[in-house]
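Observations on the three-dimensional arrangement
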Amino acid sequence: MKVRNSIDEAINDIRDGATIMAGGFGLVGIPEKLIEGLLRKGVKNLTIISNNCGIDDYALGTLLRSRQIRKMVASYVGENKEFERQFLAGELELEFVPQGTLAERIRAGGAGIPAFYTPAGVGTELARDKEIRSFAGKDYVLETALRADFSFVKAWKGDRAGNLVYNKTSCNFNPMMAAAGKVTVAEVEELLEIGALDANFIHTPGVYVQRVVQCSGHEKRIERRTVSS
Amino acid sequence: MSLTREQIAQRAAQEIESGFYVNLGIGIPTLVANYIPADKHVVLQSENGLLGIGPYPREAEIDPELINAGKETITMIPGSSLFSSAESFAMIRGGHINLSILGGMEVSARGDLANWVVPGKMVKGPGGAMDLVNGAKRVVVIMDHCSKDGAPKIVKNCTLPLTGKQVVHRIITDLAVIDVTARGLELKEIAPGSTLADLRQATGAELIVDPGLKRIEV
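Cut-offs and rules
Throughout this document, residue positions are counted from 1 along each chain, in the order its sequence is written. Following the order in which they are written, the chains are lettered starting with A and the ligands numbered starting with 1. Only residues with pLDDT of 70 or above have their local features reported here, since the model is predicted, and side-chain atom pairs are shown and tallied only from 80 upward, although totals for entire chains, interfaces and linings are computed over all residues. Heavy atoms from the whole structure form the basis of all side-chain values; hydrogens and water molecules are not counted. Criterion used throughout: strands pair if DSSP finds at least two bridges between them. Put simply, DSSP marks the helices as runs of H or I at least four residues long and the strands as runs of E at least two long, and each gets a number from the N terminus on. Note on definitions: the grid is 1 Å and covers protein atoms alone; a cavity is a set of points where a 1.4 Å probe fits but cannot get out; a pocket is an open set with protein on both sides within 12 Å along at least five of seven lines; lining residues have an atom within 4 Å of a point. Grid points are joined across faces, edges and corners, and a volume is the space filled by probe spheres set on the points. For this classification, Asp, Glu, Lys and Arg are treated as charged, while Ala, Val, Leu, Ile, Met, Phe, Trp, Tyr, Cys and Pro are nonpolar and the rest, including Gly, are polar. In this scheme, a residue with accessible area under 20% of its type's maximum is buried, one over 50% is exposed, and one in between is partly exposed, where area comes from a 1.4 Å probe on protein chains only. Whenever two N or O atoms come within 3.5 Å, that pair is a polar contact, provided that in protein one can donate a hydrogen and the other can accept it, and provided that, for residues adjacent in sequence, both atoms are side-chain atoms. We call two residues in contact when some of their heavy atoms are within 4.5 Å. Note: buried area is the sum, over both parts, of the accessible area (probe 1.4 Å) each one loses when the two are combined. What counts as a salt bridge is simple: a side-chain nitrogen of Lys or Arg found within 4 Å of a carboxyl oxygen of Asp or Glu. Under this scheme, a helix contributes an axis fitted over its contacting stretch, all axes are lines through C-alpha atoms, and angles between N-to-C directions fall in the 0 to 180 degree range. Any two of the Phe, Tyr and Trp rings considered here, Trp counted by its six-membered ring, make a pair once their centres fall within 6.5 Å; the pair's planes then place it as stacked at under 30 degrees, edge-to-face at over 60, or tilted in between. We count a charge as sitting over a ring when the NZ of a lysine or the CZ of an arginine lies within 6 Å of the ring centre and within 35 degrees of the ring normal. We call a set of buried residues a nonpolar core when its members are Ala, Val, Leu, Ile, Met, Phe, Trp, Tyr or Cys and they connect through side-chain atoms within 4.5 Å of each other. Like-charged residues are merged into a patch within 9 Å and nonpolar side chains (Val, Leu, Ile, Met, Phe, Trp, Tyr) within 5 Å, provided each residue has over 30% relative accessible area and no salt bridge. Only the protein chains shown count as covering a residue, and every accessible area follows the Shrake-Rupley method with a 1.4 Å probe. Charge counting treats Lys and Arg as positive and Asp and Glu as negative, with His and both chain ends excluded. Charge coordinates come from a single atom per side chain, which is NZ of Lys, CZ of Arg, CG of Asp or CD of Glu. Known as pLDDT, the predictor's per-residue confidence is scaled from 0 to 100.

Here the focus is the pairing of strand β1 (residues 21–24) of chain B. Residues and elements named next belong to chain B. Of the pairings in the sheet, the one linking β1 to strand β2 (residues 43–46) comprises three bridges and is parallel in character. Its bridge partner being in β2, valine 22 is matched across the sheet by leucine 44. Here β1 runs beside strand β5 (residues 99–103); their pairing, made up of three bridges, is parallel. Bridge pairing in β5 places leucine 24 opposite isoleucine 101.

See the structure below:
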């Protein structure tokens, strides 16, 4: 029921103006095939919630070039010239969120918690106009939960029930986003029959995942190839 | 004589105690890992979801799905654990990380830190810095004492947008080691060849000199 035969089929009901969460940290753990699908589909005025915005010619950067993104919610957008150009030209809206606050806002969204207090950002411009409250003599800022019309996650292995397992540091934002999407689409490298994954080691329970697509040929581009001498 | 970048990293490594869980920031703070003595058991945290950063991989070991917060390919030490970003920042925010070492552009006399907005450049975003400085048990900033144009980076009040308010415990620069205390900035160590007069000249805030003042040893 959850398995879709292609990326295009899995995202066929996404419309202009949708809010979409995309997993990944840097270029690791990004739903690269679903992003390519959005590029093909050409939907516009998207709000994208993702820790970063890809690089100029890859990942979310390609949706910037094609002018499909209206607003970006991220913690860091450093590796992208086109981002800078569009932002300075006033063509792109941007909301910076401290990385831990971003992770927790998404977690809260999926967990039914409307808002929470965090120390991160207190006394900075990112806490401006937000409620500050003191607990045991320390100030905290109130941050609200995030949800999305669609969440795009990338997993190493998944089964037909939507249970997911991530590889190494490709986990990052994917589990919280899976829970925070009204419709969560998982692209997996390996799609397994029900019962093939060890229930002890499932990272994302299938309840959070509505659609699963098996994809091959992930590029997994390396941003900074560092080796020991 | 001022410390080189490597020597600053070397001095910063002395802040790390055996048994510590440590988060190292991007850039010079990452170099600190090179100077942790082998007999100290230290676990390095990477905020993208790893406890137990190992050395950079050999060419054949490169895994595109194993990176640090600077997006560099890395390895894991035996006993590592992997987790989500929410878990990662829960351990940061929850005070489970003993020490965060990160770079700075300005530190104020009260321990305010500015390090996420570079003047004249497009703002790239705070990443995890705002969470780290408010969550780690101890925050050490390592930076040059003065900017490239010679202006003090340790100041009475920060002029750049803040990363955190009253969050820094210690500053290690090419000229000195300075603690942020309730009484103000306390000079603990001074670089070989530097004088107190030089240092006061290069510092934009009052310095209290620790009676036990010593030379930085690296």
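What follows picks up the thread again.
Attention shifts here to empty space enclosed by the protein. All names here are of chain A. Applying the stated criterion to the full structure yields four cavities of 30 Å³ or more. For the largest cavity, the calculated volume is near 60 Å³. Along the walls of the largest cavity sit Ala22, Gly23, Gly24, Gly26, Ile30, Pro31, Ile35, Ser50, Asn52, Gly54, Ala59 and Leu60, which together make up its complete lining. In the lining of the largest cavity, the residues fall into six nonpolar, six polar and no charged.

Let us look at helix α3 (residues 85–93) of chain B. Residue and element names in this part refer to chain B. The element α3 is largely enclosed, with a buried count of seven among its nine residues. Turning to α3, its buried residues number three or more, namely Ser85, Ala86, Ser88, Phe89, Met91, Ile92 and Arg93. The opening residue of α3 is serine 84, an N-cap whose side-chain oxygen sits 3.3 Å from the backbone nitrogen of alanine 86.

Another aspect to go through is the interface of chain A and chain B. The interface of chain A with chain B comprises 52 residues on the first partner and 44 residues on the second. A combined buried area of about 3900 Å² lies between chain A and chain B, and 62% of that area is made up of carbon and sulfur atoms. Linking chain A with chain B are four salt bridges, by the criterion used here. Salt-bridge contacts for Lys154(A) lead to Glu65(B); the nearest nitrogen and oxygen are separated by 3.5 Å. Contributions of two or more residues to the side of chain A that touches chain B are made by α4 (81–88), β5 (93–96), α5 (99–111) and α6 (174–180) of chain A. With six residues, the top contributor of residues to the side of chain A that touches chain B is α5(A).

It is worth spelling out the sheet that holds strand β8 (residues 138–144) of chain A at this point. Residues and elements named next belong to chain A. Strand order across the open sheet formed by three strands is β6-β8-β7, with antiparallel pairing between neighbours. One side of each edge strand has no neighbouring strand; the edge strands of this open sheet are β6 (115–118) and β7 (132–135). The mean inter-strand angle of the sheet, taken between neighbouring strand axes irrespective of direction, is 40°. One ladder, built from four bridges, connects β6 with β8; its direction is antiparallel. From the neighbouring strand, threonine 118 faces β8, where its bridge partner is valine 141. Sitting on the sheet, α5 touches β6 and β8, and the angle it makes with β6 is about 155°.

By the definition in use, this model includes three aromatic pairs over all chains. Relative to Trp116(B), the ring of Phe96(A) has its centre 6.1 Å away and its plane inclined at 85°; by these criteria the two rings are edge-to-face. Here Phe96(A) is found in strand β5, whereas its partner Trp116(B) is found in the loop between β7 (113–114) and α4 (129–135) on a different chain. For the residue pair Phe96(A) and Trp116(B), the accessibility class agrees, reading buried in each case. Here the aromatic rings of Tyr117(A) and Phe135(A) are separated by 5.1 Å at their centres, their planes lie at 65°, and the arrangement is edge-to-face. In this pair, Tyr117(A) sits in strand β6 while Phe135(A) sits in strand β7, placing the two residues 18 residues apart along the sequence. Tyr117(A) sits in the partly exposed class, given a relative accessible area of 26%. The class for Phe135(A) is partly exposed, based on a relative accessible area of 32%. Grouped by ring-pair contacts, the aromatic residues Tyr117(A), Phe135(A) and Tyr140(A) constitute a single cluster. It is Arg221(A) that lies over the ring of Tyr58(A); its NZ or CZ is 4.4 Å from the centre.

This part takes up the nonpolar core. One finds Ile14(A), Ile20(A), Phe83(A) and Phe152(A) to be the most contacted residues of the largest nonpolar core, which totals 37 residues. Each residue touching Ile14(A), except ones within four places of it in the same chain, is listed here: Ile20(A), Leu38(A), Lys41(A), Val43(A), Phe150(A) and Phe152(A).

The subject of this paragraph is the environment of Arg215(B). Residue and element names in this part refer to chain B. With respect to the element layout, arginine 215 can be found in strand β13 (residues 207–215). Each C-alpha atom, one on arginine 215 and one on alanine 176, is 8.5 Å from the other, the two residues being 39 residues apart in sequence. Beyond its immediate stretch of four places on either side in the chain, arginine 215 contacts Glu189, Ile190, Ala191, Pro192, Gly193 and Ser194. Here the side chain of arginine 215 touches alanine 191 through a polar contact of 2.8 Å, landing on its backbone oxygen. At a separation of 2.8 Å, a polar atom in the side chain of arginine 215 contacts the main-chain carbonyl oxygen of serine 194.

On to a positive patch on the surface, then. A surface patch of like charges, here positive, comprises Lys81(A), Lys121(B), Lys124(B) and Lys148(B). Classification of Lys81(A) as exposed rests on a relative accessible area of 63%.

All right, on to the confidence of the model for chain B then. Residue-level pLDDT values for chain B average 97, and 100% of them are 70 or greater. Predicted as a complex, the structure gets a pTM of 0.98 and an ipTM equal to 0.97.

Time to look at the sheet that holds strand β6 (residues 106–108) of chain B. Here we have three strands laid out as an open sheet, ordered β7-β6-β9 (chain B), and mixed in their pairing. Two strands close off the open sheet at either side, each with one partner strand: β7 and β9 (154–155) of chain B.

Quick look at the side chain of Ser108(B) now. Its location among the elements puts Ser108(B) in strand β6. Aside from chain neighbours lying at most four places away, what touches Ser108(B) is Val155(B), Lys156(B), Asn157(B), Cys158(B) and Leu185(B).

Structurally, Thr101(A) can be placed in helix α5. Residue classification places Thr101(A) among the buried residues on the basis of a relative accessible area of 0%. For Thr101(A), the residues in contact, after removing those within four places along its chain, are Phe116(A), Thr118(A), Ala120(A), Glu143(A), Arg93(B) and Asp131(B).

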